[in-house]
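# Report on the structure
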Amino acid sequence: LLLAVCAVGIGGTFQYGYNVSIINAPTQHIHKFLNETWSSRYEKELNPDLLTFLWSVIASIFSLGGLCGALIGGSMAIRLGRKGALLMNNVIAILASILMGISFPTGLFELLIAGRFLIGINSGIGFCVQPLYIGEFAPKHLRGGLAMGTSIFLTGGILTGQIIGLRQEILFFFFFVELLGGEKHLPLLLSSSCVPAFVQLLFLPWFPESPRYLLIDRGDELSCVKALKRFHGSSDYRREMEDIQRECFALDGEKPKKPWQLFTDRGVRWQLITIIVMTMGQQLSGINAIYFYATYVFEQAGILAEKIPYVTLGTGVCECLTALSCGLLIDHVGRRCLIIGGYVLMTLWCTVLTFSLTYQELYSWVPYMSMACVFAFILSFGLGPGGITNTLTAELFVQSSRPAAQMIAGTVSWISFFTIGMLFPFIVNGLQQYCFVVFLLECFFVAAFIFLIIPETKNKSFLEIKKEFHKLNFGRNA
(Lines give C-alpha, C1' and ligand atoms only; values in the text may rest on other atoms or scores of the structure.)
Protein backbone atom coordinates (compact mmCIF):
# COMPACT_ATOMS: atom_id res chain seq x y z
CA LEU A 1 0.00 0.00 0.00
CA LEU A 2 2.79 2.41 0.90
CA LEU A 3 4.61 1.69 -2.37
CA ALA A 4 1.38 2.30 -4.28
CA VAL A 5 0.96 5.70 -2.58
CA CYS A 6 4.55 6.59 -3.55
CA ALA A 7 4.03 5.50 -7.18
CA VAL A 8 0.85 7.61 -7.37
CA GLY A 9 2.19 10.65 -5.50
CA ILE A 10 5.44 11.16 -7.45
CA GLY A 11 3.55 11.96 -10.66
CA GLY A 12 0.52 13.46 -8.91
CA THR A 13 0.61 16.21 -6.30
CA PHE A 14 4.43 16.17 -6.25
CA GLN A 15 4.28 17.80 -9.70
CA TYR A 16 1.93 20.49 -8.37
CA GLY A 17 4.18 21.41 -5.44
CA TYR A 18 7.36 21.18 -7.50
CA ASN A 19 6.12 23.44 -10.31
CA VAL A 20 4.68 26.03 -7.91
CA SER A 21 8.10 26.18 -6.22
CA ILE A 22 10.67 26.13 -9.04
CA ILE A 23 9.31 29.21 -10.85
CA ASN A 24 10.30 31.48 -7.93
CA ALA A 25 14.06 30.83 -8.06
CA PRO A 26 14.83 31.89 -11.66
CA THR A 27 12.72 35.11 -11.70
CA GLN A 28 15.69 37.37 -12.54
CA HIS A 29 16.98 34.97 -15.21
CA ILE A 30 13.57 34.79 -16.90
CA HIS A 31 13.36 38.61 -16.88
CA LYS A 32 16.76 38.73 -18.58
CA PHE A 33 15.67 36.10 -21.13
CA LEU A 34 12.51 38.09 -21.96
CA ASN A 35 14.52 41.32 -22.40
CA GLU A 36 17.14 39.69 -24.62
CA THR A 37 14.58 37.82 -26.72
CA TRP A 38 12.48 40.96 -27.24
CA SER A 39 15.55 43.05 -28.17
CA SER A 40 16.84 40.52 -30.71
CA ARG A 41 13.40 40.01 -32.22
CA TYR A 42 12.18 43.61 -32.47
CA GLU A 43 15.49 45.50 -32.08
CA LYS A 44 14.20 47.64 -29.26
CA GLU A 45 14.08 47.49 -25.47
CA LEU A 46 11.19 45.74 -23.74
CA ASN A 47 8.89 48.19 -21.95
CA PRO A 48 9.02 47.61 -18.14
CA ASP A 49 5.21 47.42 -17.95
CA LEU A 50 5.14 44.84 -20.74
CA LEU A 51 7.91 42.89 -18.99
CA THR A 52 5.82 42.80 -15.82
CA PHE A 53 2.81 41.68 -17.86
CA LEU A 54 4.74 38.86 -19.59
CA TRP A 55 6.17 37.65 -16.28
CA SER A 56 2.68 37.72 -14.74
CA VAL A 57 1.36 35.63 -17.64
CA ILE A 58 4.19 33.07 -17.23
CA ALA A 59 3.52 32.80 -13.49
CA SER A 60 -0.30 32.85 -13.54
CA ILE A 61 -0.95 30.73 -16.68
CA PHE A 62 -0.10 27.75 -14.44
CA SER A 63 -3.30 28.45 -12.42
CA LEU A 64 -5.41 28.64 -15.60
CA GLY A 65 -3.95 25.30 -16.71
CA GLY A 66 -4.68 23.86 -13.26
CA LEU A 67 -8.30 24.97 -13.54
CA CYS A 68 -8.62 23.28 -16.96
CA GLY A 69 -7.00 20.14 -15.52
CA ALA A 70 -9.47 20.08 -12.62
CA LEU A 71 -12.39 20.38 -15.06
CA ILE A 72 -11.29 17.35 -17.11
CA GLY A 73 -9.68 15.25 -14.35
CA GLY A 74 -12.90 13.65 -13.13
CA SER A 75 -14.01 12.73 -16.66
CA MET A 76 -10.59 11.16 -17.36
CA ALA A 77 -10.84 9.14 -14.14
CA ILE A 78 -14.24 7.78 -15.23
CA ARG A 79 -13.29 6.98 -18.84
CA LEU A 80 -9.70 5.80 -18.42
CA GLY A 81 -9.84 4.63 -14.82
CA ARG A 82 -7.92 6.20 -11.92
CA LYS A 83 -4.63 4.55 -12.84
CA GLY A 84 -5.13 5.10 -16.58
CA ALA A 85 -5.82 8.81 -16.07
CA LEU A 86 -2.63 9.24 -14.05
CA LEU A 87 -0.52 7.41 -16.64
CA MET A 88 -1.97 9.47 -19.51
CA ASN A 89 -1.39 12.62 -17.48
CA ASN A 90 2.38 12.01 -17.64
CA VAL A 91 2.33 12.52 -21.43
CA ILE A 92 1.17 16.10 -20.78
CA ALA A 93 3.99 16.62 -18.26
CA ILE A 94 6.65 15.34 -20.68
CA LEU A 95 5.33 17.56 -23.50
CA ALA A 96 5.30 20.56 -21.14
CA SER A 97 8.90 19.85 -20.08
CA ILE A 98 10.06 19.68 -23.70
CA LEU A 99 8.39 23.01 -24.55
CA MET A 100 9.85 24.78 -21.50
CA GLY A 101 13.30 23.28 -22.09
CA ILE A 102 13.58 24.32 -25.76
CA SER A 103 12.10 27.80 -25.22
CA PHE A 104 15.52 29.21 -24.17
CA PRO A 105 17.78 27.86 -26.93
CA THR A 106 15.16 28.75 -29.56
CA GLY A 107 14.47 32.22 -28.10
CA LEU A 108 10.71 31.65 -28.07
CA PHE A 109 9.19 32.74 -24.75
CA GLU A 110 5.78 31.68 -26.15
CA LEU A 111 6.90 28.06 -25.70
CA LEU A 112 7.61 28.77 -22.03
CA ILE A 113 4.07 30.13 -21.61
CA ALA A 114 2.60 27.09 -23.42
CA GLY A 115 4.72 24.74 -21.28
CA ARG A 116 3.60 26.40 -18.05
CA PHE A 117 -0.03 26.08 -19.18
CA LEU A 118 0.39 22.37 -19.95
CA ILE A 119 2.18 21.62 -16.67
CA GLY A 120 -0.71 23.42 -14.95
CA ILE A 121 -3.16 21.05 -16.69
CA ASN A 122 -1.00 18.14 -15.51
CA SER A 123 -1.07 19.42 -11.92
CA GLY A 124 -4.83 20.00 -12.02
CA ILE A 125 -5.50 16.46 -13.24
CA GLY A 126 -3.09 14.94 -10.69
CA PHE A 127 -4.61 16.97 -7.85
CA CYS A 128 -8.05 15.65 -8.84
CA VAL A 129 -7.32 11.98 -9.59
CA GLN A 130 -4.70 11.11 -6.94
CA PRO A 131 -7.07 11.44 -3.91
CA LEU A 132 -9.67 9.37 -5.80
CA TYR A 133 -7.26 6.51 -6.45
CA ILE A 134 -5.70 6.41 -2.98
CA GLY A 135 -9.05 6.82 -1.19
CA GLU A 136 -10.53 3.91 -3.15
CA PHE A 137 -7.80 1.30 -2.61
CA ALA A 138 -7.02 2.17 1.05
CA PRO A 139 -8.69 0.12 3.84
CA LYS A 140 -10.92 2.33 5.99
CA HIS A 141 -8.78 1.96 9.13
CA LEU A 142 -5.73 3.31 7.19
CA ARG A 143 -7.56 5.56 4.71
CA GLY A 144 -6.69 8.82 6.45
CA GLY A 145 -2.98 8.10 6.75
CA LEU A 146 -2.63 6.85 3.17
CA ALA A 147 -4.73 9.73 1.80
CA MET A 148 -2.29 12.11 3.49
CA GLY A 149 0.13 10.99 0.78
CA THR A 150 -1.53 13.72 -1.31
CA SER A 151 -0.26 16.44 1.05
CA ILE A 152 3.04 14.73 1.86
CA PHE A 153 4.01 14.60 -1.81
CA LEU A 154 2.73 18.13 -2.41
CA THR A 155 4.90 19.57 0.37
CA GLY A 156 7.74 17.28 -0.71
CA GLY A 157 7.46 18.77 -4.20
CA ILE A 158 7.63 22.30 -2.82
CA LEU A 159 10.68 21.44 -0.72
CA THR A 160 12.42 19.68 -3.63
CA GLY A 161 11.77 22.70 -5.87
CA GLN A 162 13.23 25.03 -3.23
CA ILE A 163 16.38 22.88 -2.93
CA ILE A 164 16.88 22.36 -6.68
CA GLY A 165 16.42 26.10 -7.27
CA LEU A 166 19.32 27.09 -4.99
CA ARG A 167 22.35 28.66 -6.70
CA GLN A 168 25.26 26.73 -5.26
CA GLU A 169 26.97 23.35 -5.06
CA ILE A 170 26.11 20.74 -2.44
CA LEU A 171 28.01 17.68 -1.23
CA PHE A 172 26.22 14.55 -2.44
CA PHE A 173 27.82 11.13 -1.80
CA PHE A 174 31.31 12.71 -1.57
CA PHE A 175 30.82 14.64 -4.85
CA PHE A 176 29.97 18.31 -5.27
CA VAL A 177 26.77 18.55 -7.29
CA GLU A 178 25.77 21.94 -8.72
CA LEU A 179 22.11 22.76 -8.20
CA LEU A 180 19.98 24.18 -11.01
CA GLY A 181 19.37 27.73 -9.74
CA GLY A 182 22.11 29.27 -11.92
CA GLU A 183 21.36 30.96 -15.24
CA LYS A 184 23.13 28.34 -17.39
CA HIS A 185 20.97 25.59 -15.89
CA LEU A 186 17.62 27.37 -16.41
CA PRO A 187 16.43 25.15 -19.32
CA LEU A 188 17.27 22.06 -17.24
CA LEU A 189 15.46 23.46 -14.19
CA LEU A 190 12.23 24.17 -16.04
CA SER A 191 12.29 20.89 -18.01
CA SER A 192 13.05 18.81 -14.89
CA SER A 193 9.30 18.16 -14.44
CA CYS A 194 9.70 15.23 -16.84
CA VAL A 195 11.70 13.28 -14.22
CA PRO A 196 8.72 12.58 -11.88
CA ALA A 197 6.62 11.77 -14.96
CA PHE A 198 9.10 9.13 -16.16
CA VAL A 199 9.40 7.70 -12.62
CA GLN A 200 5.61 7.24 -12.44
CA LEU A 201 5.47 5.73 -15.93
CA LEU A 202 8.11 3.23 -14.77
CA PHE A 203 6.51 2.17 -11.47
CA LEU A 204 2.73 2.78 -11.55
CA PRO A 205 1.95 0.12 -14.22
CA TRP A 206 3.02 -2.54 -11.69
CA PHE A 207 0.03 -1.68 -9.47
CA PRO A 208 -3.61 -2.62 -10.20
CA GLU A 209 -6.54 -0.31 -10.98
CA SER A 210 -8.80 0.97 -8.17
CA PRO A 211 -10.86 -2.03 -6.89
CA ARG A 212 -13.97 0.14 -6.37
CA TYR A 213 -13.73 1.47 -9.91
CA LEU A 214 -13.39 -2.07 -11.31
CA LEU A 215 -16.47 -3.44 -9.53
CA ILE A 216 -18.84 -0.45 -9.25
CA ASP A 217 -18.04 1.38 -12.48
CA ARG A 218 -16.92 -1.50 -14.72
CA GLY A 219 -18.79 -4.41 -13.13
CA ASP A 220 -15.63 -6.56 -13.29
CA GLU A 221 -15.75 -8.61 -10.09
CA LEU A 222 -12.85 -10.92 -10.99
CA SER A 223 -10.44 -8.00 -11.62
CA CYS A 224 -11.67 -6.33 -8.42
CA VAL A 225 -10.81 -9.45 -6.38
CA LYS A 226 -7.36 -9.67 -7.99
CA ALA A 227 -6.71 -5.95 -7.25
CA LEU A 228 -7.83 -6.32 -3.62
CA LYS A 229 -5.56 -9.34 -3.15
CA ARG A 230 -2.63 -7.29 -4.51
CA PHE A 231 -3.38 -4.33 -2.25
CA HIS A 232 -4.54 -6.10 0.95
CA GLY A 233 -3.21 -9.64 0.72
CA SER A 234 -5.00 -12.94 0.12
CA SER A 235 -6.14 -13.26 3.75
CA ASP A 236 -7.43 -9.72 4.44
CA TYR A 237 -9.21 -8.74 1.23
CA ARG A 238 -12.66 -10.21 2.02
CA ARG A 239 -13.69 -7.45 4.44
CA GLU A 240 -12.93 -4.78 1.86
CA MET A 241 -14.71 -6.80 -0.83
CA GLU A 242 -17.85 -6.98 1.30
CA ASP A 243 -17.72 -3.23 1.89
CA ILE A 244 -17.40 -2.53 -1.86
CA GLN A 245 -20.28 -4.97 -2.63
CA ARG A 246 -22.54 -3.23 -0.08
CA GLU A 247 -21.81 0.14 -1.72
CA CYS A 248 -22.38 -1.36 -5.18
CA PHE A 249 -25.74 -2.79 -4.03
CA ALA A 250 -26.79 0.54 -2.45
CA LEU A 251 -25.96 2.45 -5.65
CA ASP A 252 -28.02 -0.06 -7.66
CA GLY A 253 -26.29 0.58 -10.99
CA GLU A 254 -26.25 4.38 -10.61
CA LYS A 255 -23.98 5.94 -13.23
CA PRO A 256 -21.23 8.46 -12.35
CA LYS A 257 -22.75 11.91 -11.99
CA LYS A 258 -21.75 15.12 -13.73
CA PRO A 259 -20.62 18.07 -11.59
CA TRP A 260 -23.76 20.12 -12.35
CA GLN A 261 -25.96 17.20 -11.22
CA LEU A 262 -24.52 17.42 -7.72
CA PHE A 263 -25.81 20.98 -7.35
CA THR A 264 -29.39 19.76 -7.83
CA ASP A 265 -29.05 16.59 -5.74
CA ARG A 266 -30.45 17.16 -2.25
CA GLY A 267 -28.75 13.98 -1.05
CA VAL A 268 -25.29 15.58 -1.28
CA ARG A 269 -26.23 19.21 -0.52
CA TRP A 270 -24.28 19.56 2.74
CA GLN A 271 -21.35 17.47 1.52
CA LEU A 272 -21.04 19.87 -1.42
CA ILE A 273 -21.29 22.96 0.78
CA THR A 274 -18.68 21.42 3.08
CA ILE A 275 -16.05 20.80 0.39
CA ILE A 276 -16.57 24.29 -1.08
CA VAL A 277 -16.17 25.97 2.33
CA MET A 278 -13.16 23.82 3.27
CA THR A 279 -11.41 24.25 -0.10
CA MET A 280 -11.91 28.02 -0.12
CA GLY A 281 -10.88 28.13 3.52
CA GLN A 282 -7.65 26.28 2.78
CA GLN A 283 -6.64 28.65 -0.05
CA LEU A 284 -7.82 31.87 1.66
CA SER A 285 -6.52 31.01 5.13
CA GLY A 286 -3.56 33.42 4.96
CA ILE A 287 -0.80 30.94 4.14
CA ASN A 288 0.12 33.08 1.11
CA ALA A 289 0.33 36.16 3.34
CA ILE A 290 2.62 34.29 5.71
CA TYR A 291 5.03 33.42 2.90
CA PHE A 292 4.84 36.99 1.58
CA TYR A 293 5.76 38.48 4.96
CA ALA A 294 8.32 35.77 5.78
CA THR A 295 11.24 37.56 4.04
CA TYR A 296 10.45 40.85 5.81
CA VAL A 297 10.12 39.09 9.17
CA PHE A 298 13.43 37.27 8.71
CA GLU A 299 15.20 40.53 7.71
CA GLN A 300 13.86 42.26 10.82
CA ALA A 301 15.13 39.37 12.94
CA GLY A 302 18.66 40.19 11.71
CA ILE A 303 19.14 37.36 9.22
CA LEU A 304 21.46 38.28 6.35
CA ALA A 305 19.79 38.68 2.93
CA GLU A 306 21.90 35.94 1.31
CA LYS A 307 20.91 33.51 4.10
CA ILE A 308 17.15 34.13 3.85
CA PRO A 309 16.60 31.52 1.06
CA TYR A 310 17.98 28.88 3.43
CA VAL A 311 15.69 30.02 6.26
CA THR A 312 12.78 29.95 3.79
CA LEU A 313 13.88 26.39 3.05
CA GLY A 314 13.19 25.75 6.73
CA THR A 315 9.54 26.67 6.19
CA GLY A 316 9.38 24.01 3.45
CA VAL A 317 10.90 21.45 5.85
CA CYS A 318 8.27 22.46 8.46
CA GLU A 319 5.42 21.86 6.02
CA CYS A 320 6.85 18.50 5.01
CA LEU A 321 7.34 17.33 8.62
CA THR A 322 3.83 18.41 9.69
CA ALA A 323 2.29 16.60 6.70
CA LEU A 324 4.14 13.44 7.79
CA SER A 325 3.04 13.97 11.41
CA CYS A 326 -0.56 14.50 10.30
CA GLY A 327 -0.38 11.24 8.34
CA LEU A 328 0.66 9.39 11.50
CA LEU A 329 -1.99 11.04 13.70
CA ILE A 330 -5.05 11.23 11.45
CA ASP A 331 -6.30 7.66 11.96
CA HIS A 332 -5.75 7.87 15.74
CA VAL A 333 -6.86 11.40 16.63
CA GLY A 334 -9.50 11.82 13.91
CA ARG A 335 -10.13 14.35 11.15
CA ARG A 336 -12.31 16.80 13.10
CA CYS A 337 -9.84 17.29 15.93
CA LEU A 338 -6.89 17.99 13.64
CA ILE A 339 -8.61 20.34 11.20
CA ILE A 340 -10.51 22.32 13.85
CA GLY A 341 -7.38 22.52 16.01
CA GLY A 342 -5.37 23.69 12.99
CA TYR A 343 -7.77 26.52 12.18
CA VAL A 344 -8.06 27.60 15.83
CA LEU A 345 -4.27 27.75 16.17
CA MET A 346 -3.99 29.67 12.87
CA THR A 347 -6.53 32.18 14.24
CA LEU A 348 -4.34 32.59 17.33
CA TRP A 349 -1.10 33.04 15.34
CA CYS A 350 -2.77 35.58 13.01
CA THR A 351 -3.76 37.60 16.09
CA VAL A 352 -0.29 37.46 17.63
CA LEU A 353 1.40 38.23 14.29
CA THR A 354 -0.81 41.31 13.74
CA PHE A 355 0.35 42.75 17.07
CA SER A 356 3.99 41.74 16.64
CA LEU A 357 4.22 43.29 13.15
CA THR A 358 2.53 46.46 14.43
CA TYR A 359 5.04 46.85 17.28
CA GLN A 360 8.00 45.34 15.36
CA GLU A 361 10.37 48.20 16.19
CA LEU A 362 9.22 48.86 19.75
CA TYR A 363 11.14 46.07 21.48
CA SER A 364 14.18 44.10 20.35
CA TRP A 365 12.53 40.73 21.02
CA VAL A 366 9.38 41.37 18.97
CA PRO A 367 10.94 40.42 15.58
CA TYR A 368 11.81 37.01 17.02
CA MET A 369 8.19 36.58 18.13
CA SER A 370 7.09 37.39 14.55
CA MET A 371 9.56 34.81 13.24
CA ALA A 372 8.23 32.19 15.67
CA CYS A 373 4.65 33.00 14.57
CA VAL A 374 5.56 32.41 10.91
CA PHE A 375 6.82 28.91 11.67
CA ALA A 376 3.95 28.22 14.12
CA PHE A 377 1.36 29.22 11.51
CA ILE A 378 2.95 26.96 8.87
CA LEU A 379 3.06 24.07 11.35
CA SER A 380 -0.64 24.60 12.26
CA PHE A 381 -1.62 24.80 8.58
CA GLY A 382 0.23 21.59 7.72
CA LEU A 383 -1.19 19.72 10.71
CA GLY A 384 -4.80 20.66 9.90
CA PRO A 385 -6.18 22.38 6.78
CA GLY A 386 -3.16 21.63 4.58
CA GLY A 387 -3.66 17.88 4.81
CA ILE A 388 -7.13 17.03 6.08
CA THR A 389 -9.06 19.04 3.45
CA ASN A 390 -8.11 16.76 0.54
CA THR A 391 -8.70 13.65 2.64
CA LEU A 392 -12.23 14.69 3.61
CA THR A 393 -13.13 15.65 0.05
CA ALA A 394 -12.55 12.05 -1.05
CA GLU A 395 -14.38 10.59 1.97
CA LEU A 396 -17.66 12.52 1.95
CA PHE A 397 -19.05 11.06 -1.28
CA VAL A 398 -19.96 7.60 -2.58
CA GLN A 399 -18.56 6.19 -5.82
CA SER A 400 -21.07 7.74 -8.23
CA SER A 401 -20.54 11.28 -6.90
CA ARG A 402 -16.84 11.23 -5.98
CA PRO A 403 -15.23 12.14 -9.36
CA ALA A 404 -17.64 15.05 -9.86
CA ALA A 405 -17.02 16.23 -6.29
CA GLN A 406 -13.25 16.17 -6.88
CA MET A 407 -13.76 18.22 -10.05
CA ILE A 408 -15.79 20.82 -8.13
CA ALA A 409 -13.27 20.91 -5.26
CA GLY A 410 -10.38 21.26 -7.73
CA THR A 411 -12.15 24.03 -9.63
CA VAL A 412 -12.90 25.96 -6.42
CA SER A 413 -9.30 25.46 -5.27
CA TRP A 414 -7.73 26.76 -8.49
CA ILE A 415 -10.15 29.72 -8.75
CA SER A 416 -9.40 30.62 -5.11
CA PHE A 417 -5.66 30.22 -5.76
CA PHE A 418 -5.88 32.54 -8.77
CA THR A 419 -8.13 35.05 -6.94
CA ILE A 420 -5.88 35.34 -3.90
CA GLY A 421 -2.90 35.74 -6.25
CA MET A 422 -4.62 38.65 -7.99
CA LEU A 423 -6.14 40.36 -4.92
CA PHE A 424 -3.43 39.68 -2.36
CA PRO A 425 -1.07 42.54 -3.42
CA PHE A 426 -3.95 45.01 -3.11
CA ILE A 427 -4.98 43.59 0.29
CA VAL A 428 -1.42 43.93 1.59
CA ASN A 429 -0.96 47.44 0.15
CA GLY A 430 -4.26 48.59 1.61
CA LEU A 431 -4.20 46.91 5.03
CA GLN A 432 -0.47 46.13 5.47
CA GLN A 433 0.01 43.96 8.56
CA TYR A 434 -3.71 44.28 9.39
CA CYS A 435 -4.44 41.94 6.45
CA PHE A 436 -4.06 39.15 9.02
CA VAL A 437 -7.28 40.37 10.70
CA VAL A 438 -9.14 39.31 7.53
CA PHE A 439 -7.44 35.91 7.60
CA LEU A 440 -8.04 35.30 11.31
CA LEU A 441 -11.77 35.97 10.84
CA GLU A 442 -11.82 33.55 7.90
CA CYS A 443 -10.00 30.85 9.92
CA PHE A 444 -12.41 31.30 12.84
CA PHE A 445 -15.45 31.04 10.55
CA VAL A 446 -14.22 27.83 8.89
CA ALA A 447 -13.37 26.27 12.28
CA ALA A 448 -16.90 27.08 13.54
CA PHE A 449 -18.48 25.65 10.38
CA ILE A 450 -16.53 22.37 10.66
CA PHE A 451 -17.36 22.08 14.38
CA LEU A 452 -21.10 22.50 13.73
CA ILE A 453 -21.51 20.58 10.46
CA ILE A 454 -18.92 17.91 9.73
CA PRO A 455 -19.15 14.53 11.51
CA GLU A 456 -16.10 12.43 12.32
CA THR A 457 -15.26 10.08 9.42
CA LYS A 458 -12.51 8.02 11.08
CA ASN A 459 -12.93 4.25 10.59
CA LYS A 460 -16.25 4.72 8.77
CA SER A 461 -17.21 3.33 5.38
CA PHE A 462 -18.40 5.66 2.62
CA LEU A 463 -21.99 4.45 3.16
CA GLU A 464 -21.80 5.17 6.91
CA ILE A 465 -20.54 8.70 6.19
CA LYS A 466 -23.41 9.17 3.71
CA LYS A 467 -25.90 8.17 6.44
CA GLU A 468 -24.40 10.78 8.80
CA PHE A 469 -25.08 13.51 6.25
CA HIS A 470 -28.54 12.12 5.47
CA LYS A 471 -29.80 13.73 8.68
CA LEU A 472 -28.51 17.13 7.59
CA ASN A 473 -29.74 16.85 4.01
CA PHE A 474 -33.26 15.59 4.77
CA GLY A 475 -33.84 16.56 8.42
CA ARG A 476 -33.44 14.75 11.71
CA ASN A 477 -36.67 12.77 11.28
CA ALA A 478 -35.87 11.57 7.74
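Residues numbered from 1 in each chain as written. Predicted model: local features only at pLDDT ≥ 70, side-chain atom pairs only at ≥ 80, totals over all residues. Heavy atoms only, no water.

### Details of the packing of helix α4 (residues 48–79) against helix α6 (residues 109–137)
One can describe the packing of α4 onto α6 by two numbers: an axis separation of 6 Å at closest approach and a directional angle of 35°. Every pair of crossing elements has a handedness; the one defined by α4 and α6 is right-handed. Here the residues of the contact of α4 with α6 are counted per class, giving 22 nonpolar, eight polar and one charged. (Axes fitted to C-alpha atoms, helices over the stretch in contact; angles between N-to-C directions. Helix = DSSP H or I, 4+ residues; strand = E, 2+ residues; numbered from the N terminus. Left-handed = near helix turned anticlockwise from the far one by under 90°. Nonpolar A, V, L, I, M, F, W, Y, C, P; charged D, E, K, R; others polar.)

### So, the pattern of salt bridges
Counted according to the given criterion, the structure contains 13 salt bridges. With a closest N to O distance of 3.1 Å, R335 and D331 form a salt bridge. Judged by relative accessible area, D331 falls into the buried class, the value being 14%. The shortest N-O distance in the salt bridge between R335 and E395 comes to 2.5 Å. Pair noted here: R335 is in helix α18 (residues 335–358) and E395 is in helix α20 (residues 385–395), with a separation of 60 residues, a long-range link. (Salt bridge = Lys/Arg side-chain N within 4 Å of Asp/Glu carboxyl O. Buried < 20%, exposed > 50% of the residue type's maximum accessible area, 1.4 Å probe, protein only.)

### A look at the packing of aromatic side chains
The relation between two aromatic rings is expressed through the spacing of the ring centres and the mutual angle of the planes. Within this structure, the stated rule accounts for 13 aromatic pairs. Residues F62 and W414 carry aromatic rings whose centres are separated by 5.6 Å and whose planes lie at 65° to one another, so their mutual orientation is edge-to-face. Taken together, the positions of F62 in helix α4 and W414 in helix α21 (residues 402–431) put the pair 352 residues apart, joining distant regions of the chain. Each member of the pair, F62 together with W414, is buried. (Phe/Tyr/Trp six-rings, centres within 6.5 Å; stacked < 30°, edge-to-face > 60°.)

### Some details on the side chain of Q15
In this structure, Q15 sits in helix α2 (residues 13–22). When near neighbours in sequence (up to four residues on either side) are disregarded, Q15 contacts I10, A93, I119, N122, S123, S193, P196 and A197. (Contact = heavy atoms within 4.5 Å.)

### Considering the nonpolar core
Counting residues in hydrophobic clusters, the biggest one holds 61 residues, and the most contacted among them are I30, L34, I58, Y133 and L190. The set of elements that each furnish at least two residues to this core consists of α1 (2–10), α2, α3 (27–42), α4, α5 (82–106), α6, α8 (149–164) and α9 (186–191). In terms of residues, this core owes the most to one element, α6, which gives 14 residues. If we skip the residues at most four places from it in the chain, L34 touches L46, L51, L54, W55, I58 and F109. Among the nonpolar cores identified, the runner-up in size contains 57 residues, and V277, C373, V412 and F439 belong to it. (Core = buried A, V, L, I, M, F, W, Y, C linked by side-chain atoms within 4.5 Å.)

### Some points on helix α13 (residues 237–251)
The first and last C-alpha atoms of α13 sit 21 Å apart over 15 residues, in line with the 21 Å expected at 1.5 Å per residue. Among the residues of α13, those classed as buried are Y237, E240, M241, D243, I244, E247 and L251. For α13, the angular spread of buried residues about the axis comes to 160°, placing them on one side. Of the exposed residues in α13, the ones pointing more than 90 degrees away from its buried face are R238, R239 and F249. Where α13 terminates, the next one or two residues include D252, which has phi positive at roughly 55°. (Expected span 1.5 Å × (residues − 1). Arc of directions from axis to C-beta.)

### Observations concerning the packing of helix α17 (residues 308–333) against α18
Where α17 meets α18, the axes come as close as 7 Å, and the angle between the chain directions of the two elements is 125°. Compared by their axis directions, α17 and α18 come out oblique. Residues C326, L329, I330, D331 and V333 of α17 lie in contact with α18, whose contacting residues are R335, C337 and L338. Residues that form the contact of α17 with α18 fall into these classes: six nonpolar, no polar and two charged. (Parallel < 35°, antiparallel > 145°, perpendicular 65-115°, else oblique.)

### As for α5
In a regular helix each residue adds 1.5 Å, so 25 residues correspond to 36 Å; α5 covers 37 Å between its end C-alpha atoms and thus fits that length. Positive backbone phi, approximately 70°, marks G107, located one or two places after α5.

### Let's talk about the domain arrangement of the chain
Here the domain parsing of the chain yields domain 1 (1–207) and domain 2 (255–477). A C-alpha centroid distance of 22 Å is found between domain 1 and domain 2. Taken together, the 39 residues of domain 1 in the interface contact 44 residues of domain 2. The contact between domain 1 and domain 2 buries some 3,400 Å² in all, and 67% of this surface belongs to carbon and sulfur atoms. At the junction of domain 1 and domain 2, the tally comes to two salt bridges. The residue E136 makes a salt bridge to R402 at a minimum N-O spacing of 3.1 Å. Between domain 1 and domain 2 we count eight residue pairs in polar contact (both at pLDDT 80 or more) in total. Counting residues per element, the ones that place at least two in the side of domain 1 that touches domain 2 are α4, α6, α7 (143–147) and α8. Examining the composition of the side of domain 1 that touches domain 2, we find that 10 residues originate from one element, α4, more than from any other. (Domains from an automatic or database assignment. Buried area = accessible area lost by both parts, 1.4 Å probe. Polar contact = N/O pair within 3.5 Å; in protein donor to acceptor, adjacent residues only side chain to side chain.)

### Notes on a nonpolar patch on the surface
Taken together, the side chains of F355, Y359, L362, Y363, W365, Y368 and M369 present a nonpolar region at the surface, about 810 Å² in accessible area. Inspection of the secondary structure assignment puts L362 in the loop between α18 and α19 (366–383). The exposed category is assigned to L362, whose relative accessible area is 53%. (Patch = residues over 30% accessible without salt bridge, like charges linked within 9 Å, V, L, I, M, F, W, Y side chains within 5 Å. Areas by Shrake-Rupley, 256 points an atom, 1.4 Å probe, with all protein chains shown as cover.)

### A short note on the confidence of the model for the chain
When pLDDT is averaged across the chain, the result is 84; 93% of the residues are at 70 or more. Contacts for the low-pLDDT stretch residues 170–178, under 50 throughout, to residues beyond four places or in other chains number 13 contacts. (pLDDT = per-residue confidence, 0-100.)

### Digging into the state of the cysteines
Disulfide: a covalent bond connecting the sulfur atoms of a pair of cysteines. Inspection of the entire model under this criterion finds zero disulfides. For the unlinked cysteine C248, the closest cysteine sulfur is that of C224, found at 9.0 Å. For C248, a relative accessible area of 26% corresponds to the partly exposed category. Not engaged in a disulfide, the cysteine C320 finds its nearest cysteine sulfur in C318; these two sulfurs lie 10 Å apart. (Disulfide = S-S within 2.5 Å.)

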